[in-house]
Amino acid sequence: MKEFLLVFRRDFDSNEVQPSPEQFQAMMKNWQDWMGSLAAQNKLVSAGNRLASEGKVVRPGNVLTDGPYVELKEAIGGYTIIRADSLEEAAELAKGCPVLAIKGNVEVRTIIPM
Amino acid sequence: MKESEIIPHLFRTEYRNIIAVLCKRFGIEHIEIAEDIVSETFLIASETWGQKGLPPHPIAWLYTVAKNKTKDFLKHNHLFTQKIVPEIKYATLEGENAELDLSTKNIEDSQLQMIFAICHPSIPIEAQIGLALNILCGFGAEEIADAFLTNKETIYKRLSRAKDTLRIKQIRIELPSAAAIDERLQTVLTTLYLLFNEGYYSTSQNKTLRKDLCLEAMRLTYLLTNCEQTNTPSVNALLSLICFHSSRFEARTDDKGEIILYEDQDISLWSKELIEKGEHYLNLSSKGQQLSRYHLEAAIGFWHTKKEDLVEKWENILQLYNRLLQLEYSPIAALNRTYALSKANGIQEAIVEAEKLQLTHLHLYHSLLANLYEEQNTEKALMHLRQALSLAKTSADKNMLGKKLQKLEQRGNS
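Heads up: these notes are all about the structure in this document. Quick caveat, the model's predicted, so the values are computed rather than measured.

## A short note on the overall build of chain B
Moving on, step 1. Within chain B, the regular secondary structure consists of 19 helices and zero strands.
Moving on, step 2. Counting only C-alpha atoms and orienting by the principal axes, one finds that chain B spans roughly 80 × 50 × 35 Å.
Moving on, step 3. Burial statistics for chain B: of 414 residues in total, 50% are counted as buried.
Moving on, step 4. If you take every contact in chain B between residues at least 6 apart in sequence, the share linking residues at least 24 apart comes to 67%.

Right, here's the structure in full:
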């Protein structure tokens with residue numbers, strides 16, 4: 001079994017209509033159920049963290065910019081670590097991720113063991 | 001109580017009390033001396049009571065004999081009093097102080113400290129449970145063997161090896177320091193939790209024994225809530241979950257010891273008193289910041305005391321299992337989560353999730369799938385029931401699955 005990082009990206013600056021409280025509630029349930037599903041398969045290593053939208057980027061010459069989404073339409077919204085036999089299986093597990101339902105995407109990366 | 005049951009009853013309740021106090025006095029490395037003194041006390045009781053009838057206060061009688069036996073032992077065993085006792089620096093055992101303190105307070109304190117000595121991280125968990133049953137609960141090797149579905153000899157060996165460890169590691173009978181108590185309490189709670197499960201889910205056919213195990217786990221956990229240093233939110237959560245589960249004890253098996261599934265249970269057999277106790281300790285457990293697995297399991301237990309199939313109930317149970325599994329994976333929790341999922345999100349989604357679990361070596365996995373497929377695909381339901389039946393180990397499980405299979409086959413043919 002290897003470990004994989006799932007990086008969730010989504011559009012923070014969307015001009016679309018904001019979801020209703022009920023939609024937020026449903027979204028939360030989808031995340032909980034998806035995490036629960038990974039955990040029930042014993043494939044969840046760490047639930048990881050969700051990230052706030054504000055942030056700063058430090059650039060060469062100690063230049064500070066607000067960011068990180070100045071140049072990126074999609075910013076990182078969070079990450080989770082899972083375990084799977086192969087990158088293919090990890091990608092398969094990522095298919096149910098609720099971020100996809102709001103037009104986000106999941107980047108699946110193999111973690112190199114120490 | 002019938003007179004014919006008095007000695008087994010007193011043995012169960014008093015053996016552990018006297019042993020705890022004696023071990024506290026002599027140190028756990030001399031546990032055999034404590035065991036000899038208590039055994040002899042009961043031997044004298046059975047002979048004397050057999051000839052002269054029961055004394056008016058049997059417990060006080062036992063304590064007096066135990067005290068005298070202890071004094072005799074100390075008087076006659078010079079080696080012990082002169083060499084070992086000074087070495088281990090226990091209280092003076094001369095004169096007035098030689099009297100064994102069998103007050104309720106000292107019994108409780110000694111038992112509580114004994115729990116920590118037995119649930120020591122250096123002792124393998126199985127041995128901890130065995131020792132707890134033997135020393136803290138007064139169960140004989142035969143009963144322990146029955147509960148673990150193994151033979152007496154295996155248990156004897158396991159117990160004596162564990163007692164050797166207690167001796168070699170020189171484990172003291174005392175409460176851990178304030179700094180260490182939280183961590184040590186984790187081990188204690190794990191052992192008490194497993195002790196309870198041993199009773200609740202035991203495959204032993206002996207229903208009385210299984211109930212006794214549950215009650216003992218409850219009693220020991222209750223003991224922890226009685227002491228300021230150990231009365232933590234997690235301890236209350238464990239006690240709450242034990243109460244909630246135990247409330248269904250009478251409803252979950254029939255007279256023949258066969259399993260009655262949750263859905264088919266007669267609610268009037270659920271113990272209201274235990275449900276109320278469970279709620280009481282659940283409230284107490286909500287203090288503090290820590291959310292332990294016992295909190296989650298107690299909350300799951302709470303929702304199970306509501307019989308109506310409310311959407312809210314199963315949605316809550318599902319979310320609690322989602323969190324429990326993130327905290328600690330176990331195949332049983334994964335199966336239970338999937339059952340809750342079928343109630344909260346529908347059968348189709350639950351079937352997809354169940355197939356992903358691939359716990360094909362467990363009969364419970366196949367009974368869950370059979371259950372989910374029952375109305376969807378009789379052929380698959382039958383296949384899983386047959387697999388469950390071939391994997392089931394106890395006759396209670398086999399009977400239940402056999403009946404279900406027969407019913408489904410008849411339906412398939414008609």
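## Section: the overall build of chain A
Moving on, step 1. Within chain A, the secondary structure is distributed over two helices and six strands.
Moving on, step 2. Along chain A, from the amino end to the carboxyl end, the secondary structure elements read β-α-β-β-β-β-α-β.
Moving on, step 3. A burial count over chain A gives 32% of its 114 residues as buried.
Moving on, step 4. For chain A, the exposed area adds up to about 7300 Å²; of that, 56% sits on carbon and sulfur atoms.

## What to know about the pairing of strand β4 (residues 63–67) of chain A
Moving on, step 1. By the bridge criterion, five bridges tie strand β3 (residues 55–59) of chain A to β4 of chain A in an arrangement that is antiparallel. Bridge pairing links G55 of chain A to G67 of chain A in β4 of chain A.

## Here we look at the packing of helix α2 (residues 31–52) of chain B against helix α3 (residues 58–76) of chain B
Residues and elements named next belong to chain B.
Moving on, step 1. Contact geometry of α2 with α3 gives a least axis separation of 9 Å together with a crossing angle of 130°. Taken together, the axis directions place α2 and α3 in an arrangement best described as oblique. The crossing of α2 and α3 is right-handed. Residue-level inspection shows I33, I37, E40, T41, F42, I44, A45, T48 and W49 of α2 in contact with α3, the latter providing P58, W61, L62, V65, A66, K69, T70 and F73.
Moving on, step 2. Class assignment of the residues belonging to the contact of α2 with α3 gives a composition of 12 nonpolar, three polar and two charged.

## Brief notes about the side chain of H363 of chain B
All names here are of chain B.
Moving on, step 1. Relative to the elements of secondary structure, H363 occurs in helix α17 (residues 363–373).
Moving on, step 2. Overall, the relative accessible area of 16% leaves H363 in the buried class.
Moving on, step 3. Excluding anything up to four places from it in sequence, H363 contacts A388, L391, A392, D397 and L401.

## Side note on the interface of chain A and chain B
Moving on, step 1. Contact with chain A, which involves 12 residues of that partner, is made by 13 residues of chain B.
Moving on, step 2. Roughly 1100 Å² of surface becomes buried between chain A and chain B when both sides are summed, with 51% attributable to carbon and sulfur atoms.
Moving on, step 3. Counting the surface chain A buries against chain B, the share from its top three residues, K29, D33 and A40 of chain A, is 39%.
Moving on, step 4. Linking chain A to chain B there are one salt bridge.
Moving on, step 5. Here K29 of chain A ties to E315 of chain B by a salt bridge, and the two come within 2.8 Å at their closest N and O atoms.
Moving on, step 6. Inspection of the region where chain A meets chain B yields eight residue pairs in polar contact (both at pLDDT 80 or more).
Moving on, step 7. The element contributing the most residues to the side of chain A that touches chain B is helix α1 (residues 21–40) of chain A, with eight residues.
Moving on, step 8. In the side of chain A that touches chain B, the residues fall into five nonpolar, five polar and two charged.

## Section: the packing of aromatic side chains
Residues and elements named next belong to chain B.
Moving on, step 1. Here the structure, examined in full by the defined rule, presents 15 aromatic pairs over all chains.
Moving on, step 2. A ring pair is formed by F11 and F42, whose centres lie 4.8 Å apart and whose planes are at 65°; its orientation type is edge-to-face. A residue pair is termed long-range when its members are at least 10 positions apart, and F11 in helix α1 (residues 6–26) and F42 in helix α2 qualify at 31 residues.
Moving on, step 3. An aromatic cluster is built from F196, Y200, Y201 and F249, whose rings are joined through pairwise contacts.
Moving on, step 4. Residue placement shows R252 over the ring face of F249; its charged tip is 5.9 Å from the ring centre.
Moving on, step 5. The side chain of K307 reaches across the aromatic face of Y262, ending 5.3 Å from its centre.

## Some points on the state of the cysteines
All names here are of chain B.
Moving on, step 1. Scanning the entire structure with this criterion turns up zero disulfides over all chains.
Moving on, step 2. The thiol of C137 is unpaired, and the distance to the nearest cysteine sulfur, on C119, comes to 9.9 Å.
Moving on, step 3. Relative accessible area serves as the criterion here: at 0%, C137 is assigned to the buried category.
Moving on, step 4. We note that C227 lacks a disulfide partner, and the nearest cysteine sulfur, in C119, lies 15 Å from it.

## Some points on the sheet that holds strand β2 (residues 44–50) of chain A
Residue and element names in this part refer to chain A.
Moving on, step 1. Reading across the sheet, the four strands line up as β2-β5-β1-β6 and stay open at both edges, with antiparallel pairing between neighbours. The open sheet has two edge strands with one neighbour each: β2 and β6 (105–110). Strand-to-strand, the axes of this sheet are offset by a mean angle of 20°, without reference to chain direction.
Moving on, step 2. Bridge analysis of strand β1 (residues 2–11) against β6 gives six bridges, and the strand direction is antiparallel.

## A few points about the environment of V106 of chain A
All names here are of chain A.
Moving on, step 1. Within the secondary structure, V106 sits in strand β6.
Moving on, step 2. Exposure remark for V106: the relative accessible area of 18% places this residue in the buried category.
Moving on, step 3. On a C-alpha basis, the gap between V106 and N49 in space is 14 Å, while along the polypeptide they are 57 residues apart.
Moving on, step 4. In this view, V106 contacts L6, V7, F8, A94, C97, V99 and L100; residues no more than four positions away in its chain are not counted.

## Focus: the environment of D266 of chain B
Moving on, step 1. The residue D266 of chain B is located in the loop between α11 (233–246) and α12 (272–285) in this model.
Moving on, step 2. Put simply, D266 of chain B and E216 of chain B are 50 residues apart on the chain and 25 Å apart in space, counted from C-alpha to C-alpha.

## Brief notes about α17 of chain B
Every α-helix carries 3.6 residues per turn, so stepping three or four residues along brings you back to the same face.
Moving on, step 1. The buried count for α17 of chain B comes to nine of 11 residues, which makes it a mostly enclosed element.
Moving on, step 2. Listed in full, the buried residues belonging to α17 of chain B are H363, Y365, H366, S367, L368, L369, A370, L372 and Y373 of chain B.

## Comments concerning unusual backbone geometry
In terms of backbone geometry, most residues other than glycine have negative phi values and most peptide bonds are trans.
Residue and element names in this part refer to chain A.
Moving on, step 1. For K103, which is not a glycine, the phi torsion comes out positive at approximately 65°.
Moving on, step 2. Take K103: it is sitting in the loop between α2 (87–94) and β6.
Moving on, step 3. By relative accessible area, which is 64% here, K103 ends up exposed.

## What to know about the nonpolar core
Note that soluble globular proteins tend to have their nonpolar side chains buried in a common cluster.
Moving on, step 1. Ranked by internal contacts, the top residues of the largest apolar core, which has 146 residues, are M114, L133 and L224 of chain B.
Moving on, step 2. With residues up to four places along the chain from it excluded, the contact list for L224 of chain B reads L112, F116, L185, V188, L189, L192, T230, N231 and V235 of chain B.

The rules we used
Residues numbered from 1 in each chain as written. Chains lettered and ligands numbered in written order. Predicted model: local features only at pLDDT ≥ 70, side-chain atom pairs only at ≥ 80, totals over all residues. Heavy atoms only, no water. Helix = DSSP H or I, 4+ residues; strand = E, 2+ residues; numbered from the N terminus. Buried < 20%, exposed > 50% of the residue type's maximum accessible area, 1.4 Å probe, protein only. Contact = heavy atoms within 4.5 Å. Areas by Shrake-Rupley, 256 points an atom, 1.4 Å probe, with all protein chains shown as cover. Pairing = 2+ DSSP bridges. Axes fitted to C-alpha atoms, helices over the stretch in contact; angles between N-to-C directions. Parallel < 35°, antiparallel > 145°, perpendicular 65-115°, else oblique. Left-handed = near helix turned anticlockwise from the far one by under 90°. Nonpolar A, V, L, I, M, F, W, Y, C, P; charged D, E, K, R; others polar. Buried area = accessible area lost by both parts, 1.4 Å probe. Salt bridge = Lys/Arg side-chain N within 4 Å of Asp/Glu carboxyl O. Polar contact = N/O pair within 3.5 Å; in protein donor to acceptor, adjacent residues only side chain to side chain. Phe/Tyr/Trp six-rings, centres within 6.5 Å; stacked < 30°, edge-to-face > 60°. Lys NZ or Arg CZ within 6 Å of the ring centre and 35° of its normal. Disulfide = S-S within 2.5 Å. Core = buried A, V, L, I, M, F, W, Y, C linked by side-chain atoms within 4.5 Å.

Bear in mind that shape data such as this cannot, by itself, settle questions of function.
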